[in-house]
Number of protein chains: 10
Amino acid sequence: MSRLDVTEKIITTKVAKGLKWSDIAAKVGLSKEWVTAGCLGQMTFNAEQAGVLAEIFSLTDDEKKWLMVVPYKGSLPTSVPTDPLIYRFYELISVYGTTFKELIHEEFGDGIMSAIDFKMDLQREANPMGDRVAITMSGKFLPYKTY
Amino acid sequence: MSRLDVTEKIITTKVAKGLKWSDIAAKVGLSKEWVTAGCLGQMTFNAEQAGVLAEIFSLTDDEKKWLMVVPYKGSLPTSVPTDPLIYRFYELISVYGTTFKELIHEEFGDGIMSAIDFKMDLQREANPMGDRVAITMSGKFLPYKTY
Amino acid sequence: MSRLDVTEKIITTKVAKGLKWSDIAAKVGLSKEWVTAGCLGQMTFNAEQAGVLAEIFSLTDDEKKWLMVVPYKGSLPTSVPTDPLIYRFYELISVYGTTFKELIHEEFGDGIMSAIDFKMDLQREANPMGDRVAITMSGKFLPYKTY
Amino acid sequence: MSRLDVTEKIITTKVAKGLKWSDIAAKVGLSKEWVTAGCLGQMTFNAEQAGVLAEIFSLTDDEKKWLMVVPYKGSLPTSVPTDPLIYRFYELISVYGTTFKELIHEEFGDGIMSAIDFKMDLQREANPMGDRVAITMSGKFLPYKTY
Amino acid sequence: MSRLDVTEKIITTKVAKGLKWSDIAAKVGLSKEWVTAGCLGQMTFNAEQAGVLAEIFSLTDDEKKWLMVVPYKGSLPTSVPTDPLIYRFYELISVYGTTFKELIHEEFGDGIMSAIDFKMDLQREANPMGDRVAITMSGKFLPYKTY
Amino acid sequence: MSRLDVTEKIITTKVAKGLKWSDIAAKVGLSKEWVTAGCLGQMTFNAEQAGVLAEIFSLTDDEKKWLMVVPYKGSLPTSVPTDPLIYRFYELISVYGTTFKELIHEEFGDGIMSAIDFKMDLQREANPMGDRVAITMSGKFLPYKTY
Amino acid sequence: MSRLDVTEKIITTKVAKGLKWSDIAAKVGLSKEWVTAGCLGQMTFNAEQAGVLAEIFSLTDDEKKWLMVVPYKGSLPTSVPTDPLIYRFYELISVYGTTFKELIHEEFGDGIMSAIDFKMDLQREANPMGDRVAITMSGKFLPYKTY
Amino acid sequence: MSRLDVTEKIITTKVAKGLKWSDIAAKVGLSKEWVTAGCLGQMTFNAEQAGVLAEIFSLTDDEKKWLMVVPYKGSLPTSVPTDPLIYRFYELISVYGTTFKELIHEEFGDGIMSAIDFKMDLQREANPMGDRVAITMSGKFLPYKTY
Amino acid sequence: MSRLDVTEKIITTKVAKGLKWSDIAAKVGLSKEWVTAGCLGQMTFNAEQAGVLAEIFSLTDDEKKWLMVVPYKGSLPTSVPTDPLIYRFYELISVYGTTFKELIHEEFGDGIMSAIDFKMDLQREANPMGDRVAITMSGKFLPYKTY
Amino acid sequence: MSRLDVTEKIITTKVAKGLKWSDIAAKVGLSKEWVTAGCLGQMTFNAEQAGVLAEIFSLTDDEKKWLMVVPYKGSLPTSVPTDPLIYRFYELISVYGTTFKELIHEEFGDGIMSAIDFKMDLQREANPMGDRVAITMSGKFLPYKTY
């Protein structure tokens, strides 16, 4: 058994039971973004959170333990994603990556936006021309320092 | 001469003159995100905008015309970016890509967030624990339809 | 169980029963192009459509549910396809890709042809020199706009 | 000097003079699709056609000769295209490639749609919901035969 | 079950029974080149041919049906083949590919040698310095035409 | 200066002077296949042959010397060729590679067809259904031996 | 002119003048590790530091300005480095990468060792069996937090 | 059964029993770095060490034997690692690789730091600004010599 | 069943029984280099040799037959090997490959060292500074000839 | 100027003057294998050796200095070499790599053959069946040790 097996069981159970990520997240008591990432094998749960999920997805005790182990991260099968929805995000980096770089350096100097000390919120934005996906990202700026 | 030559002249001139993207954008009259992307060879300017930029960057008439030609997009030299700042965005897709997919489909059904009918805003977020980079993205949801 | 398992069951059953995609599509009540793509794990069916397919392919209730889940898209095992029929389409992009780009931009300006708000029709074109494959594609033009 | 140099001169001249592919094609007396592909270094012109183009683009005699040499084809710098417009066509193959395969084989048996005995037409399709790009492809079906 | 499973059963049975491709081809009534390619999952058999093969390889009825389905072609696991015998053919293209191109264009103009309307014969060529492999290929020339 | 520069000069001169490979080969006194490969930087000429070519292509003394140096072989820019004519040969290996392997081993046992002790002849094959390209290859069989 | 040009001038000047990185770093007043990385185009200097370097390497005013621009980082030409010295570090990650992961997570929980808030010291370690390279790395632990 | 199966059993057992690498290492009597690498299939144990591990992980006699066989090393599934923790080490090589090279050559001349005659120590470094990961590496310098 | 299954059974049995390749080779009556390569699925045994191995490794009759079938060669999972021992050989080609080329051509003219008509011997070379691995390779020179 | 420029000048001069590596090596006073590798940019010369080479190849003082700088090693343009002579060595690793691994570990235990503390000799081996290339390699065995 591995974390991957547990992830697959979670996904299969979710389809079979017709559950929603936002409801699962509400039961865990955290944001839907973080809980979904965790259930998909990208984050680590503590004992209490794992207990809630074990009940929702009928996990055995051994399966539950895997939710508390830090997983090998990276959720995509290829370095350039083939799925159209996920590819669009990759395209944004391809087109806007150097723009991100220029503007963050102009504002903050040399360093990066952390992808660890990071949070994200995804919402529907009503719009008469067609609803929009609104994503708000917030990551700590980490400066390179001399030594 | 190609669009790439013009892009390189813009970047070189910006360094030599010590210009800032936000000032340049203000003169063009558009957001700093879009103008920077355009100057880096990812967007197309109209005649008036190109005229402003030609003056700022001392472009010849032929160079100015290239700003009005749709460029071959993609601003990165490798499919997995090596620059740490840009890589962090790639990592976010690697870790959160399937989460984006699950949550957008849960909310909207099958389809994508457009990377074309898209806008973005990048701001400094003051924080006593260290300032943060805040990015807000808004892209139209485009549904797959049956036919 | 995953969507891939269901796709494989559909393909195996189709061969065993000797079914035709055009007949299957007629029963579902949609175009043969869209229904084939869906059965091959690239589109999402609604409950009624999934019900028709479940009967045709003798799917269990759990298998049927997977047809209603948005799949991870991308139907090819390699980025440059090895199958000669599919490769010819890839070659057309390799040879004509920059031509598509030039002519669409000449007609519409900066933007893309949507691959989401898209439909397609594939027909036999009788011809004394040898019949031809006729493919008609129609995708909405999506313009980049300034912001 | 190589064909690539001639292609680049053609493109640079087109931008400087503000020419349109459809006008150039009209002067050559062939479709805009084929002439654009040829000017972008993917097709071979005969002496008369090359003469027309040499005049339009102010080519020297040696440059004109290169238009009559069969080029090394393939117009894209990477196997997975980064440009959003061209990528959308690649995505269509990724998503619909196996569908093309199934439907062509169902209709014609084993073989391919020729990418050589092939023609294409690209038009604007007026639509109140937003104009569409309409592409019609016609390629001879070539069957595999036993021997 | 898939075509791959049937191919593997054919190969395993061939080894276990100690059969020869030339004998199998003789029973099918076609060239050894075509029949071997078909048994290795690269060509499609008609009902009668499939019947002969089903008997030779003890295939079930469902397995036999797969022989009549057009397979996803491409018989090699990597884009640059590792097997020394197959690599030599790849090397010939690497070394002689541009020569093929020059000489075919010199003789025929722009176009290709078809890999579909194609046949091949492989023979032993006795030679006192060591026997040789003689391969004769014949493919229809397909010209690009203007439109 | 490198062999590549000499190769490019040969190709450029050939286009400018409108020469044919078969005529050049006749002057060198060898097959058109071998001479073309050599002129394209894949084979090594002796002093006499290099002298003939130097005259044809107006090479300097130093350029002529490069024709007598063994080149770094491999004439294609990518591992999977993009040019349609050359790709067809690659496709033949993809589809028929395992067939080559099976039939050569069946006839000769373990070993390879040499790509070094090798010759090739390319001819037009008249055919009322459309002329064909006929390629005859002959390579020494080299057996693996035990030791 | 680009940062790459400045980096190349620095390296060429260093060879021509026979300078040592440790001496250069002493003049700049920072560690040899950081100054070398900066001179190789991986870090950003402030005005004072750039002034010192401009004098050492005889940089023009425009060249000096490039030292104060955040560079596009990544100093290696291939994703798997070919140089034996650099490859050994890559091999350490290949062999010990999962060990790093296990031990850091065991000690700290889910998170990473920062490569930004990071410093490094490289020393000779005298040893009668052959001197050793001693590298001490120190990077801040950054935890993933729930949100 | 293969070494991979044994590695997976070790990992699964460790999660199920909630063991720690540092405790396991203490029982084996070696550093936690080396023992962890060995348990993850990167090092070879002697009979006594394997005996201790067999008891801890309830290995069969055949499984224990695999711990004494030199494994095929390399613990990562992709050449550029996707896991954020492991990627940071890869990034350090990308950014600092040429710096390592310059400084080691400056100090030692041409040669490498051995990745075989190598040891490593990983510790928590308490720090009021946030604890740090401290890694000390020591590898023998191996000079290239003339011959 | 495939040759791979037989190879894996051989390796597993060797570990379980604690056999040595040199002893196995002695029983087969050939060099340890060739027999090891054959057992690892890279060479073909005759009936007598296969019989000896079948006894040593307790192979069934069908498994034994696979030893007499020419395998698909290539024993490594990635094009750049990750295992440190095997990588060192790859590095030798990376560093010395052009040297091999220059020196063989200087001595023999255009052609190659055969990897088929080839033998190899691997021995321990006692040395007070540390024992050495001594490898002697002998491959027939195969000249390119004109035709 | 870079080491690459110096390497190219050396190669160009060698062709123009018709020099031989063995003669050059004799003047330097070292093996032809090592001197050739050094001239091709893979090894570092001391001042005296560089002086000899500077005279032979008419290098300027600055060019001579580059011969004393440790180069970025790796002499091949692609990870799988296309040149037939060099590819044969790559094929030997592909076919015999796991054999090297098994036999070295059987004789020496866990560790590697050094590619640094390494020497090599390449000779012609007269043989009535055709002369052979004989290569003798000797590399120190480096054991992994526990810590």
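Residues numbered from 1 in each chain as written. Chains lettered and ligands numbered in written order. Predicted model: local features only at pLDDT ≥ 70, side-chain atom pairs only at ≥ 80, totals over all residues. Heavy atoms only, no water.

1. Some details on the interface of chain A and chain B
Link 1 in the chain: At the junction of the two partners, chain A supplies 69 residues and chain B supplies 69 residues.
Link 2 in the chain: With both sides pooled, the region where chain A packs onto chain B buries about 6,800 Å², and carbon together with sulfur makes up 67% of that total.
Link 3 in the chain: Counting across the chain A and chain B interface gives seven salt bridges.
Link 4 in the chain: A salt bridge links B:Asp117 to A:Arg132; the nearest nitrogen and oxygen atoms lie 3.0 Å apart.
Link 5 in the chain: Along the contact surface separating chain A from chain B lie 32 residue pairs in polar contact (both at pLDDT 80 or more).
Link 6 in the chain: Mapped onto the side of chain A that touches chain B, the elements with two or more residues apiece are helix 2 (21–28), helix 3 (32–39), helix 6 (84–108), strand 1 (111–125) and strand 2 (132–143) of chain A.
Link 7 in the chain: Here the side of chain A that touches chain B gets 24 residues from one element, more than from any other, and that element is helix 6 of chain A. (Contact = heavy atoms within 4.5 Å. Buried area = accessible area lost by both parts, 1.4 Å probe. Salt bridge = Lys/Arg side-chain N within 4 Å of Asp/Glu carboxyl O. Polar contact = N/O pair within 3.5 Å; in protein donor to acceptor, adjacent residues only side chain to side chain. Helix = DSSP H or I, 4+ residues; strand = E, 2+ residues; numbered from the N terminus.)

2. Side note on the pattern of salt bridges
Link 1 in the chain: Under the defined criterion, the tally for this structure stands at 113 salt bridges over all chains.
Link 2 in the chain: Measuring nitrogen to oxygen at the nearest pair gives 2.7 Å for the salt bridge that ties C:Arg124 to C:Asp131.
Link 3 in the chain: Assessed through its relative accessible area of 36%, C:Arg124 is described here as partly exposed.
Link 4 in the chain: Judged by its relative accessible area of 24%, C:Asp131 falls in the partly exposed class.
Link 5 in the chain: Of the charged contacts in the structure, one is a salt bridge between E:Lys73 and D:Asp110, with a shortest N-O distance of 2.9 Å. Taken as a pair, E:Lys73 in the loop between helix 5 (61–67) and helix 6 (84–108) and D:Asp110 in the loop between helix 6 (84–108) and strand 1 (111–125) lie in two separate chains rather than in one.
Link 6 in the chain: Using a relative accessible area of 1% as the deciding quantity, one classes E:Lys73 as buried.
Link 7 in the chain: Linked through salt bridges whose partners overlap, the residues forming this network are A:Glu125, A:Arg132, B:Asp117 and C:Lys145. (Buried < 20%, exposed > 50% of the residue type's maximum accessible area, 1.4 Å probe, protein only.)

3. Points about the sheet that holds strand 1 (residues 111–125) of chain G
Link 1 in the chain: Strand order in the open sheet formed by four strands is 1(G)-2(G)-2(H)-1(H), with antiparallel pairing between adjacent strands. Taken across any chain shown, the strands that pair with only one partner, and hence form the sheet edges, are strand 1 of chain G together with strand 1 (111–125) of chain H. Across this sheet, the average inter-strand angle for adjacent strands is 20°, counted without regard to direction.
Link 2 in the chain: Across the sheet, helix 6 (residues 84–108) of chain G is in contact with strand 1 and strand 2 (132–143) of chain G together with strand 1 and strand 2 (132–143) of chain H; its angle to strand 1 of chain H comes to roughly 20°. (Pairing = 2+ DSSP bridges. Axes fitted to C-alpha atoms, helices over the stretch in contact; angles between N-to-C directions.)

4. A closer look at the side chain of G:Gln42
Link 1 in the chain: Locating G:Gln42 in the fold gives a position in the loop between helix 3 (32–39) and helix 4 (47–56).
Link 2 in the chain: For G:Gln42, a relative accessible area of 3% translates into the label buried.
Link 3 in the chain: Looking at G:Gln42, its side chain comes within polar contact range of the main-chain nitrogen of G:Gly74, at 2.9 Å.
Link 4 in the chain: Each residue touching G:Gln42, except ones within four places of it in the same chain, is listed here: G:Arg3, G:Ala37, G:Pro71, G:Lys73, G:Gly74, G:Ser75, H:Ser94 and H:Val95.

5. So, the UniProt feature "domain: Cyanate lyase C-terminal" (unreviewed entry) in chain A
Link 1 in the chain: Under the UniProt annotation, "domain: Cyanate lyase C-terminal" (unreviewed entry) lies at residues 75–147 of chain A.
Link 2 in the chain: Spanning residues 75–147 of chain A, this segment combines 34% helix with 37% strand, and its end C-alpha atoms are found 36 Å apart. (UniProt positions renumbered as here; feature names shortened; annotations may be inferred.)

6. Examining the UniProt feature "active site" (unreviewed entry) in chain A
Link 1 in the chain: Cross-referencing UniProt, the feature "active site" (unreviewed entry) maps to A:Arg88, A:Glu91 and A:Ser114 in the present numbering.
Link 2 in the chain: With respect to the secondary-structure elements, A:Glu91 resides in helix 6.
Link 3 in the chain: In this structure A:Glu91 touches B:Ala115, B:Ile116, C:Tyr144, D:Pro84 and D:Arg88, once residues within four positions along its chain are discounted.
Link 4 in the chain: For A:Ser114, the location among the structural elements is in strand 1.
Link 5 in the chain: When near neighbours in sequence (up to four residues on either side) are disregarded, A:Ser114 contacts A:Gly139, A:Lys140 and A:Leu142.
Link 6 in the chain: Side-chain polar atoms of A:Ser114 contact the backbone nitrogen of A:Ile116, separated by 3.0 Å.

7. A closer look at the interface of chain C and chain D
Link 1 in the chain: If you look at the interface, chain C gives 69 residues, while chain D gives 69 residues.
Link 2 in the chain: Buried surface at the junction of chain C and chain D, summed over both partners, amounts to about 6,800 Å²; 67% is from carbon and sulfur atoms.
Link 3 in the chain: Inspection of the chain C/chain D interface yields six salt bridges.
Link 4 in the chain: Note that C:Glu107 and D:Arg124 form a salt bridge whose closest N and O atoms lie 2.8 Å from each other.
Link 5 in the chain: Where chain C packs against chain D, one counts 32 residue pairs in polar contact (both at pLDDT 80 or more).
Link 6 in the chain: Per-element tally for the side of chain C that touches chain D: the top contributor is helix 6 (residues 84–108) of chain C, with 24 residues.
Link 7 in the chain: Of the residues that constitute the side of chain C that touches chain D, the class distribution is 34 nonpolar, 16 polar and 19 charged.
Link 8 in the chain: Across nine bridges, strand 2 (residues 132–143) of chain C lies against strand 2 (residues 132–143) of chain D in antiparallel orientation. Its bridge partner lying in strand 2 of chain D, C:Ile135 is registered against D:Met137. (Nonpolar A, V, L, I, M, F, W, Y, C, P; charged D, E, K, R; others polar.)

8. Re the environment of B:Gly74
Link 1 in the chain: Inspection of the secondary structure assignment puts B:Gly74 in the loop between helix 5 (61–67) and helix 6 (84–108).
Link 2 in the chain: As for B:Gly74 and B:Met129, which are separated by 55 residues in sequence, their C-alpha atoms are 35 Å apart.
Link 3 in the chain: With residues near it in sequence (within four places) discarded, B:Gly74 still touches A:Ser94, B:Gln42 and D:Thr82.

9. Considering the relation of the copies chain C and chain D
Link 1 in the chain: Its rotation angle being 180°, the transformation that places chain C on chain D also includes 0.0 Å of axial translation and leaves an RMSD of 0.0 Å. As the rotation angle and translation indicate, the two copies are arranged about a two-fold axis. It is C:Thr136 whose C-alpha, among those of chain C, lies nearest the rotation axis, at 2.3 Å.
Link 2 in the chain: Mapped onto chain D, 100% of the interface residues of chain C again fall at the interface, so both copies present the same surface. (Least-squares fit on C-alpha atoms with pLDDT ≥ 70 in both.)

10. Side note on helix 2 (residues 21–28) of chain F
Link 1 in the chain: Three or more residues of helix 2 of chain F are buried, namely F:Trp21, F:Ile24, F:Ala25 and F:Val28. Each buried residue of helix 2 of chain F lies within a common arc of 100° when the element is viewed along its axis, so the set occupies one face. Set apart from the buried face of helix 2 of chain F by more than 90 degrees, the exposed residues are F:Ala26 and F:Lys27.
Link 2 in the chain: For helix 2 of chain F, the secondary structure elements touched by its buried residues are helix 6 of chain E together with helix 1 (3–17), helix 3 (32–39) and helix 4 (47–57) of chain F.
Link 3 in the chain: At the exit of helix 2 of chain F stands F:Gly29, carrying a positive phi of roughly 90°. (Arc of directions from axis to C-beta.)

11. Some remarks on helix 6 of chain B
Residue and element names in this part refer to chain B.
Link 1 in the chain: Approximately 60° is the largest bend angle found in helix 6, and it occurs at tyrosine 96.
Link 2 in the chain: With 22 of its 25 residues buried, helix 6 lies for the most part within the structure.
Link 3 in the chain: For helix 6, the N-terminal capping position is held by aspartate 83, with its side-chain oxygen 3.1 Å away from the main-chain nitrogen of leucine 85.
Link 4 in the chain: Among the residues trailing helix 6, glycine 109 stands out with phi positive, at a value near 90°. (Bend = angle between axes of the 7 residues up to and from the residue.)

12. Some points on unusual backbone geometry
Link 1 in the chain: Its identity as a non-glycine residue notwithstanding, H:Ser58 has a phi of 55°, on the positive side.
Link 2 in the chain: In this fold, H:Ser58 is placed in the loop between helix 4 (47–57) and helix 5 (61–67).

13. Here we look at the environment of F:Tyr90
Link 1 in the chain: Assignment of secondary structure puts F:Tyr90 in helix 6 (residues 84–108).
Link 2 in the chain: Owing to a relative accessible area of 10%, F:Tyr90 belongs among the buried residues under this scheme.
Link 3 in the chain: The sequence separation of F:Tyr90 and F:Val133 amounts to 43 residues, and the corresponding C-alpha distance is 16 Å.
Link 4 in the chain: With near-sequence residues (within four places) excluded, F:Tyr90 lies in contact with E:Ser79, E:Tyr90, E:Ile93, F:Ser79, F:Val80 and F:Pro81.
Link 5 in the chain: One polar contact links the side chain of F:Tyr90 to the main-chain carbonyl oxygen of E:Ser79, over a distance of 2.6 Å.

14. Some words on the domain arrangement of chain A
Note on interface size: it is often stated as the accessible area lost on association of the parts.
Link 1 in the chain: Partitioning chain A into structural domains gives domain 1 (3–66) and domain 2 (84–143).
Link 2 in the chain: A C-alpha centroid distance of 26 Å is found between domain 1 of chain A and domain 2 of chain A. (Domains from an automatic or database assignment.)

15. A few points about the relation of the copies chain A and chain B
What relates the two chain copies is a rotation about an axis together with a slide along it.
Link 1 in the chain: Superposition record for chain A on chain B: RMSD 0.0 Å, screw rotation 180°, translation along axis 0.0 Å.
Link 2 in the chain: By residue overlap, the copies meet face to face through one surface: 100% of the interface positions of chain A are interface positions in chain B.

16. A short note on the pairing of strand 1 of chain G
Residue and element names in this part refer to chain G.
Link 1 in the chain: Note that strand 1 and strand 2 share 11 bridges and pair antiparallel. Among the inter-strand pairings, leucine 122 is bridged to a residue of strand 2, identified as isoleucine 135.
Link 2 in the chain: The turn joining strand 1 and strand 2, which pair antiparallel and follow one another in sequence, is formed by six residues; a positive phi near 120° is taken by glycine 130.

17. Here's the deal with the sheet that holds strand 2 (residues 132–143) of chain E
Link 1 in the chain: What the four strands build is an open sheet, ordered 1(E)-2(E)-2(F)-1(F); its pairing is antiparallel. In this open sheet, the two strands that pair with only one neighbour each are strand 1 (111–125) of chain E together with strand 1 (111–125) of chain F. For this sheet the average axis-to-axis angle between neighbouring strands, irrespective of direction, equals 20°.
Link 2 in the chain: With respect to the sheet, helix 6 of chain E is in contact with strand 1 and strand 2 of chain E together with strand 1 and strand 2 (132–143) of chain F, its orientation differing from that of strand 1 of chain F by roughly 20°.

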